[in-house]
Amino acid sequence: MNRNILITGGAGFIGSHVVRLFVEKYSEYRIYNLDALTYAGNLENLSDLESSSNYTFIKGDITDENFINALFLKYRFDSVIHLAAESHVDRSIKDPLAFVKTNVIGTMILLNAFKNCWNTNFNDKLFYHISTDEVYGTLGEIGLFTEQTSYDPNSPYSASKASSDHFVRAYGETYNLPYVITNCSNNYGQNQFPEKLIPLFINNIINDKPLPVYGDGNYTRDWLYVKDHAIAIDLVFHKGKQGNTYNIGGFNEWKNIDLVKLLCEQMDTKLNNEKGTSEKLITYVKDRPGHDLRYAIDASKINQELGWKPSVTFEQGLKRTIDWYLDNERWLSGVTSGEYQSYYQKQYNH
Ligand code: NAD
Ligand code: DAU
């Protein structure tokens, strides 16, 4: 079947892996990558796809209603995979309104454009909304997030994502808009902007800078290799049940401090450093306000219904990630010049 698929946020971290998978795997689909190229978007992530005949990049902002409506009139996308978002919790604490604009209003504008384009003729159409496990709030020492867990967001970022999830669901109930939502845990891998824990710490180790661990470091996240997330998105897009939510996770919980120590160990091996060199850079700093203690996903629904499970271990994925950042220093220095420097100063005060 031919499809006209709009992928939003395709120049970002996860989006670039999703665009690559779809362009390379489905030559019969036309893939349109819409991205505003904010600080987090980088076309270098996809430069080798530019000449692919089934791929088009469109620079544009999902909050620009006239532009988005005109785009739907022009291309009549039968499917949307919506990843564009402001995605960093620390930035949401400093500037919450930017998160409401893109994550809530931007999603609404896409939903309206999709609805108006197809009216009630939704046969073979799909609006696939990519969301996060952070909408569920925080866990204590035990338990897992399931698809039935109540929403309880704690940061402006997670509140904006929760709100967008609710609107997608509400459009399904009210207008029969065909949708699916996935809520995924922490991703890591190549192309991730170095404001997030793993690439930030890799970059700091390369540059012999302190590794700022928030609070006591005893916060837990469930880590998933980004290519495994892209594979899950492909599966849900093609086989997920409309009107359903699927949780996606790595079955891979780590306390931040343990993860950072493993990262230091792997970096020392790779850089031929004396054992313990990178660990000396660990510096405990002021905690993130409203810091969620623990996230952990029960991914048994997607596992049982669609047969998905992660394909790489954390040690393998982390090694691949480190190798990629060390092999792509030009990419890394490109994204850490300019705006990054002033962000870093404000966030970490040095
Ligand atoms: P990212 O910040 O790396 O990329 C976001 C992309 O969206 C960038 O290319 C940016 O230019 C684009 N964008 C931002 N505002 C836009 C706008 N107004 N119009 C058009 N494009 C815009 O984010 P990511 O980590 O790749 O996350 C992608 C999606 O996955 C987000 O919806 C996020 O909430 C969700 N998610 C992320 C993770 C994670 O661990 N990174 C986990 C679960 C879910
Ligand atoms: O759970 C999914 C979410 O994972 C996604 O929805 C978000 O888009 C993504 O950014 C990520 O959110 P986190 O806040 O969990 O990721 P981050 O990499 O910012 O932080 C991971 C943990 O590391 C968290 O407990 C905070 C801590 N941390 C982070 C940074 C940047 C530090 O200790 N020091 C740091 O400098």
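Draft legend 1. How the structure looks around the overall build of the chain. Secondary structure assignment for the chain yields 12 helices and 12 strands. Relative to its length of 350 residues, the chain is compact, with a C-alpha radius of gyration of 20 Å against a globular reference of 20 Å. Principal-axis analysis of the C-alpha atoms gives the chain an extent of 65 × 45 × 40 Å. Across the 350 residues that make up the chain, the buried fraction comes to 57%. Long-range pairs, those at least 24 residues apart, make up 82% of the contacts in the chain between residues at least 6 apart in sequence. Of the roughly 15,000 Å² of accessible surface on the chain, a fraction of 48% belongs to carbon and sulfur atoms. Mean positive and mean negative side-chain charge positions of the chain (34 and 42 charges, respectively) differ by 3 Å.

Draft legend 2. View of the pattern of salt bridges. By the definition in use, this model includes 13 salt bridges. In this structure, R20 and D48 form a salt bridge, with 2.9 Å as the shortest nitrogen-oxygen distance. Linking R20 in helix α1 (residues 13–25) with D48 in the loop between β2 (29–35) and β3 (55–59), this pair joins segments that are 28 residues apart in sequence. A salt bridge links D323 to K319; the shortest N-O distance between them is 3.3 Å. Residue D323 and its partner K319 are both found in helix α10 (residues 314–327); the two are separated by 4 residues, about one turn of the helix. What makes D323 buried here is its relative accessible area of 18%. Classification of K319 by relative accessible area gives partly exposed; the value is 47%. Through salt bridges with shared partners, one network takes in R91, E195, K196 and E339.

Draft legend 3. Structural context of the site of ligand 2. Near ligand 2 lie 26 residues; those nearest to it are T132, D133, Y157, R288 and Y348. Interatomic distance of 2.7 Å between a backbone N/O atom of S87 and an oxygen atom of ligand 2. Summarising the interface, the protein chains cover 95% of the accessible area of ligand 2, which totals 690 Å² for the free molecule. Within the residue set of the shell around ligand 2, elements represented by two or more residues are α3 (89–94), α6 (197–206) and β8 (211–214). Looking at side-chain class alone, the shell around ligand 2 contains 12 nonpolar, 7 polar and 7 charged residues.

Calculation rules
Residues numbered from 1 in each chain as written. Chains lettered and ligands numbered in written order. Predicted model: local features only at pLDDT ≥ 70, side-chain atom pairs only at ≥ 80, totals over all residues. Heavy atoms only, no water. Helix = DSSP H or I, 4+ residues; strand = E, 2+ residues; numbered from the N terminus. Rg over C-alpha atoms; globule rule 2.2 N^0.38 Å. Buried < 20%, exposed > 50% of the residue type's maximum accessible area, 1.4 Å probe, protein only. Contact = heavy atoms within 4.5 Å. Areas by Shrake-Rupley, 256 points an atom, 1.4 Å probe, with all protein chains shown as cover. Lys, Arg positive; Asp, Glu negative; His and termini not counted. Charge placed at Lys NZ, Arg CZ, Asp CG, Glu CD. Salt bridge = Lys/Arg side-chain N within 4 Å of Asp/Glu carboxyl O. Near = heavy atom within 4 Å. Polar contact = N/O pair within 3.5 Å; in protein donor to acceptor, adjacent residues only side chain to side chain. Nonpolar A, V, L, I, M, F, W, Y, C, P; charged D, E, K, R; others polar.

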